[in-house]
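Tertiary structure, described
So the chains spell out like this:
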Amino acid sequence: MQVSMSVNGRQVSGDVEPRTLLVHFLREDLRLTGTHVGCETSYCGACTVEIDGKAVLSCTMLAVQAEGADVTTVEGLAQDGQLHPVQEGFWERHGLQCGFCTPGMIMSAVTLLQENDNPSEEEIRRGIEGNLCRCTGYHNIVRAVEYAGAKMRGEEPPPAEWEES
Amino acid sequence: MSSTSVLGGVVRRREDPALIRGGGLYTDDVKLAGTAHAAFVRSPYAHARVVSVDTSAAEAMEGVAAVYTAADVEHLGPLIAQAPVGALRPLLNNGTVKHVGEAVAMVMAEDPYLARDAADAVEVDYDPLPAVVDLKESLGGAMKVHDDMDSNTLVTWAGPFGADEDALAELRAGIDAAKSRDDTVVVSQEMINQRLIPVPIEPRSVLADYQAGYGRFDIYSSTQIPSALAGAIGRYFGMALNQVTVKAMEVGGGFGCKLNVYNDEVLTAYASKQLGRPVKWTETRREAANSTIQGRGWVATATMTGTNDGEILGFELEGIADMGAYSQNFTVAIPFLGLFVGSGQYRFPTYWKMDCVTTHTMTTDAYRGAGRPEAAYYLERIIDMYSREIGMDPTEVRRRNYIPASDFPAAVSPMGFAMDTGDYEANLDAALESAGWSGLLAERDAARAEGRCVGVGIATYVEVCGFGPAPLVDLGFSWAEYQMPSAFNGSGLVRIHPDGSATVSIGTGPSGQGHQTTWAQIVGDGLGMDVERIRVIHGDTEEAPPSIGSFGSRSAAVDGSACYEATRKVQAKAARIAAHLLEASEEDIEFGDGGARVAGTDSSVSWEEIAKTAYQPHLLPEGMEGGLEAHAIFSPGNATWPFGTHIAVVEVDPDTGNVQILRYIGMDDCGNVISPMIVDGQIHGGIAQGIGQALFEDAVYDGDGNLLAGSLMDYILPTAADLPFFELDRTVTPTDINPLGVKGIGEAGTIGAAQTVVNAVVDALESLGVTHIDMPLRPRRVWQAIQDART
Ligand code: FES
Ligand code: FES
């Protein structure tokens, strides 16, 4: 089947089986391997992408269901070589270790901050609840989102815990 | 933020720019033209005779390249193991399958969807047999897991280490004598340390590319020990190590389960060689649950004997550990790692005995902590019960029984092991101070006065890691089966290029631990070179000096030390070159600010100039060889023994049994710290996994051997909403067995956490009469324990 959509601002199309999952279309056909598969059954969040402004699990959606959609993957976040504040936050606050959950986690955080640019700790934790991370205990992920929120509000992010006060 | 490293300093991680942009290459991201995709046919039964395997329908499907059964691969032999005690895993099994998920056949097809369809089309006729799942039944031996084995018990680990029957009997007699004194109490409890599934978020994946023209392999795999896989492939296919390259680029978490060499890796290589094209296999989450190794799985009784005023006179642990159906890499050795720390950081007589039995379940092996979290769990739970029994503050009881700091450096644990360095009391005091212990208790009591169920739990631990001493080989821990340096060495190669940049090649296999950053810091610090000028290459057997990979919190302590030594060799030569260029004496040369200078002067030379000169022999001092690189092997004289104290404050909702962690405080001591940011990150993740065991995770099998937690819907991992911020601090007691003074931190959090949480929950429910609940403390179980205690 023919499918076409916009991915990271670029118009793309492909010939897929009806059962092809969106995540496989992204990874195999478009070679956008930043979006990961951790479970294929909608529990881990590693495959999270943004579709029409919402965080969506690309393993629970068929490629053909994304016909005409506007899809953003982690590869599309940085603009003109400039990291998105959430990406910057993950780097500055050690929000990743193995990095496998990271693209999905970043996409969830991006949509979370689009809806609420000043979330409380609890709101952040609930906002990324659908994304599993096995490495970080989420501690520095929450810090990374706090950092990004501050940046997006134009404020100075709170200092890192390891920086001498 | 500083980008120049000093040991103990913070640099942003070198690995992150690729990963946060989605540009990291994990095994499944590597695409080679012409790749066939593999899928496995797996047993739905825990124990069954395979009556027939009919592959004809699958083979006839369009797009199917091949279907293999046991007959095709039998000639390769079973999966090799480091400690080959018990039955070894057949690569494919068409005889009698021994656990749900065991591989029966393998299918290769043009795409992964098709491969799974074809696997479904393979018809296997099974004759189900009764399964042995319960550990006590297995130990009883009424039914055998493997008909051809004399017993289900593979090995019994008894301690103290090295004690013979007589010595053990004498030790027990001494403890029995203490039990009969009238100023002593005896506390005993059977506890389950349940099976866990490691669940790195990246499923395992392997891509094998046999290049027939060159007679060699390129294998990409999500492994913690690339050199083990290379060695195994070399053995299976009769190839020299220089013909097999294994690359583990990015590895999305490992936690021990990716240090095994798996049958699927060998089979994928076999298929590639047979088909003459690349073959890839990536496990599904269900396969990750039932055919990647699991961890823990102990049932044991802990007994503590001590005086009414807190002097512990004996600790006994007797139990059974679940090995699963087949022995893989370390399987039977895992409980032995528990024996290492069986007496914790205490000095009381300890008797320890674990029977390692086989069952019709997936193999167990190294999962983060591997034997040490189990050992610490029993010890720290029973100390808490004993403290409660005699009505003494649990911190005082621990303090009274520690090995004193004055025993070091000659301390030997009651289990018979020489320990490197330790100051347990100082660490405990620091934790109590940091948590505000008496304030915590007062707050707890105030909350209780309002009718809330709040509890405070504490646990301390000692770990053994940084493996390790070369004589481990004499104990049977040898990597020789995998054609690896059998002694537990570390290695590092530091090369300065003619432009003054540096490449560091290491054989460790990180899966998130930040080796590119930490090693750049070690080398940058030694050479006075900006870390931006240093590239660290790992996970590639063609580049790396022979090494044994990342496991057992050993990378920094052993391979990091090797890199430190290699750096010193480079430094020594560079100092001679710099002295020559600066017309100074070698002893006066010091490194810093991107080059070398004569101490106390502004006479200096940059790394660029030193390097340029190094590659022009005619400019070098008389007799000096050109080039600037060094390799070093580091062989530590002992393992390292980190330690720490963890404290948790929890609240239990007695109506629902729900447990909430209000605060979590960690005071760990891993010796010197190279990157506080990375070290704390390791502790965060470790604690989260310990809390996962305490509250959520359970790889439970039913009586027929069906894994009831085969997906992430039934195998519950902690989410961000389940965990608090962790309040961490540290004491620093450097080790004296390596030049960096570092001990290792990968597993510490996991070793300290589970019993801390359970102690806190039991403390919260103390007034209701609850004395113990087996993990995981899910709401239903906690609620039930409350009901049981009330009646
Ligand atoms: S891969 Fe989509 S939720 Fe796990
Ligand atoms: S960083 Fe490894 S799973 Fe999140």
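Owing to the predicted nature of the structure, the values given are computational and were not obtained by experimental measurement. (Residues numbered from 1 in each chain as written. Chains lettered and ligands numbered in written order. Predicted model: local features only at pLDDT ≥ 70, side-chain atom pairs only at ≥ 80, totals over all residues. Heavy atoms only, no water.)

A word on the overall build of chain A
What counts here: Note on conventions: DSSP H or I runs of at least 4 residues are helices, E runs of at least 2 residues are strands, and numbering of each starts at the N terminus. We compute the radius of gyration from the C-alpha atoms alone; for a globule the expected value is 2.2 Å times N to the 0.38, where N is the number of residues. Between buried and exposed lies partly exposed: a residue is buried under 20% and exposed over 50% of the maximum accessible area for its type, with that area taken using a 1.4 Å probe on protein chains only. All tallies of charge rest on Lys and Arg as positive and Asp and Glu as negative; His and the ends of each chain are not included. Every charge is mapped onto a representative atom, which is NZ of Lys, CZ of Arg, CG of Asp or CD of Glu.
Each helix and strand counted, chain A has five helices and five strands in total. In sequence order, the secondary structure elements of chain A are arranged as β-β-α-β-β-β-α-α-α-α. Here the C-alpha atoms of chain A give a radius of gyration of 16 Å, agreeing with the 15 Å that 2.2 N^0.38 yields for 165 residues. Across its three principal directions, the C-alpha atoms of chain A cover 60 × 30 × 25 Å. Counting only residues that meet the buried cut, chain A has 61% of its 165 residues in that class. Separation between the mean location of the 12 positive side-chain charges and that of the 25 negative ones in chain A comes to 4 Å.

Remarks on the domain arrangement of chain B
It is common to give the size of an interface as the accessible area that goes away when the parts come together. All names here are of chain B. Stated precisely, the cut-off is as follows: Just so you know, the domain bounds were taken from an automatic or database domain assignment. We call two residues contacting when some pair of their heavy atoms lies within 4.5 Å. As a working definition, buried area equals the accessible area (1.4 Å probe) given up by two parts on being put together, with both sides summed. Take a side-chain nitrogen of Lys or Arg and a carboxyl oxygen of Asp or Glu: if they are within 4 Å of each other, that pair is a salt bridge. Two N or O atoms form a polar contact when they lie within 3.5 Å of each other; inside protein one atom must be a possible hydrogen donor and the other a possible acceptor, and for residues adjacent in sequence the pair counts only when both atoms belong to side chains. We call Asp, Glu, Lys and Arg charged. Ala, Val, Leu, Ile, Met, Phe, Trp, Tyr, Cys and Pro are nonpolar, and the rest, Gly among them, are polar.
Taken domain by domain, chain B holds domain 1 (16–22 + 489–634), domain 2 (31–129 + 201–253 + 258–290) and domain 3 (295–467 + 638–790). Counting from both sides, the interface comprises 15 residues of domain 1 and, opposite them, 16 residues of domain 2. Summed over both sides, the interface of domain 1 with domain 2 buries roughly 1,100 Å², with 49% coming from carbon and sulfur. Considering only the side of domain 1, the residues that lose the most area to domain 2 are Ser511, Gly539 and Thr541, jointly responsible for 40% of the buried surface there. Here domain 1 and domain 2 share two salt bridges between them. Notably, a salt bridge pairs Glu542 with Arg216, separated by 3.5 Å at the nearest N-O pair. Counting across the domain 1 and domain 2 interface gives six residue pairs in polar contact (both at pLDDT 80 or more). For the side of domain 1 that touches domain 2, a count of residues per class yields four nonpolar, nine polar and two charged.

Considering the packing of aromatic side chains
All names here are of chain B. Where we set the bar: Two rings belonging to Phe, Tyr or Trp (six-membered ring only in the last case) form a pair when the distance between their centres is within 6.5 Å. Interplanar angles under 30 degrees mark stacking, angles over 60 mark edge-to-face geometry, and anything in between is tilted.
Tallying each qualifying case throughout the model produces 29 aromatic pairs over all chains. Measuring from ring centre to ring centre gives 5.1 Å for Phe161 and Phe417, while their planes differ by 20°; the resulting arrangement is stacked. Residue Phe161 is found in the loop between β7 (153–159) and α6 (165–179), and its partner Phe417 is found in the loop between α12 (394–401) and α13 (424–435); the two are separated by 256 residues along the sequence. What makes Phe161 partly exposed here is its relative accessible area of 35%. Here Phe417 falls in the buried class, since its relative accessible area comes to 8%. Their ring planes at 85° and their centres at 5.7 Å tell us that Tyr377 and Tyr378 sit as a pair that is edge-to-face. Here the two residues Tyr377 and Tyr378 agree in accessibility, since each one is buried. Through successive ring pairs, a cluster of aromatic residues spans Trp157, Phe161, Phe336, Phe340, Phe417, Phe467 and Trp641.

A few points about the sheet that holds strand β10 (residues 216–221) of chain B
Residue and element names in this part refer to chain B. Note the cut-off: If DSSP finds at least two bridges between two strands, the strands pair. Convention adopted: a line fitted to C-alpha atoms gives each axis, helices being fitted over their contacting stretch, and angles between N-to-C directions are expressed from 0 to 180 degrees.
The strand order across the open sheet formed by seven strands is β3-β5-β1-β12-β9-β10-β11, and the pairing between neighbours is mixed. The open sheet has two free edges, formed respectively by β3 (64–68) and β11 (244–247), since each of these has just one partner strand. Along the sheet, successive strands turn relative to each other by an average axial angle of 20°, direction set aside. When β3 meets strand β5 (residues 103–109), the two strands line up antiparallel, connected through four bridges. Its bridge partner lying in β5, Val64 is registered against Ala109.

A closer look at a negative patch on the surface
All names here are of chain B. The condition is simple: Nonpolar side chains (Val, Leu, Ile, Met, Phe, Trp, Tyr) are joined into patches within 5 Å and like charges within 9 Å, using only residues with over 30% relative accessible area and no salt bridge. Methods summary: accessible areas were calculated by the Shrake-Rupley approach with a probe of 1.4 Å, and residue burial reflects only the protein chains presented.
A contiguous patch of negative charge, built from Asp54, Glu59, Glu123 and Asp125, is present on the exposed surface. Topologically, Glu123 is positioned in strand β6 (residues 123–128). Under the relative-accessibility criterion, Glu123 is labelled exposed at 55%.

Description of the sheet that holds strand β24 (residues 643–653) of chain B
Residue and element names in this part refer to chain B. Spatially, the four strands line up as an open sheet ordered β16-β24-β25-β26, and their pairing is mixed. If you trace the sheet from one side to the other, it starts and ends with β16 (453–462) and β26 (726–730), each paired once. Each strand of the sheet is rotated relative to its neighbour by a mean of 15°, with strand direction disregarded. Packing against the sheet, helix α18 (residues 676–695) makes contact with β24, β25 (658–669) and β26, and its axis sits at approximately 130° to β26.

So, the nonpolar core
Rule in force here: Joining through side-chain atoms within 4.5 Å is the link that ties buried Ala, Val, Leu, Ile, Met, Phe, Trp, Tyr and Cys residues into a set, and such a set is a nonpolar core.
Counting 222 residues, the largest nonpolar core has Phe90 of chain A together with Phe217, Trp479 and Ile647 of chain B as the members making the most contacts within it. The next biggest cluster of nonpolar side chains, apart from the first, holds 37 residues, and it includes Val523, Val570, Val605 and Trp607 of chain B.

Considerations on the state of the cysteines
In protein chemistry, a disulfide is the covalent bond that joins the sulfur atoms of two cysteines. Formally: What counts as a disulfide here is a pair of cysteine sulfur atoms lying within 2.5 Å.
Scanning all chains against the criterion turns up zero disulfides over all chains. The cysteine Cys257 of chain B is free of any disulfide, with Cys135 of chain A supplying the nearest cysteine sulfur at 11 Å.

Structural notes on the pattern of salt bridges
Throughout the structure, instances matching the rule amount to 62 salt bridges over all chains. For the salt bridge of Arg116 of chain B with Glu40 of chain A, the shortest nitrogen-to-oxygen distance reads 3.1 Å. Pair noted here: Arg116 of chain B is in helix α4 (residues 112–121) and Glu40 of chain A is in the loop between α1 (22–29) and β3 (48–51), and the two residues belong to different chains. With relative accessibility at 35%, the residue Arg116 of chain B sits in the partly exposed group. For Glu40 of chain A, a relative accessible area of 26% puts it in the partly exposed group. The partner of Arg125 of chain A in a salt bridge is Glu121 of chain A, with the nearest N and O atoms 2.7 Å apart.

Digging into unusual backbone geometry
Following Gly159 of chain B, the chain continues into Pro160 of chain B via a peptide bond in cis, with omega recorded as 15°. In this model, Tyr138 of chain A sits at a positive phi of 70°, which is unusual for a non-glycine residue. Under the relative-accessibility criterion, Tyr138 of chain A is labelled buried at 1%.

Some thoughts on the environment of Asp209 of chain B
Residues and elements named next belong to chain B. Relative to the helices and strands, Asp209 is located in strand β9 (residues 205–211). Asp209 sits in the buried class, given a relative accessible area of 15%. Taking the C-alpha atoms as reference points, Asp209 and Ala269, separated by 60 residues in sequence, lie 7.3 Å from one another. Contact partners of Asp209, with chain neighbours within four places excluded, come to Leu32, Arg216, Phe217, Asp218, Ser272 and Pro278. At 3.2 Å, the side chain of Asp209 and the side chain of Gln211 are in polar contact.

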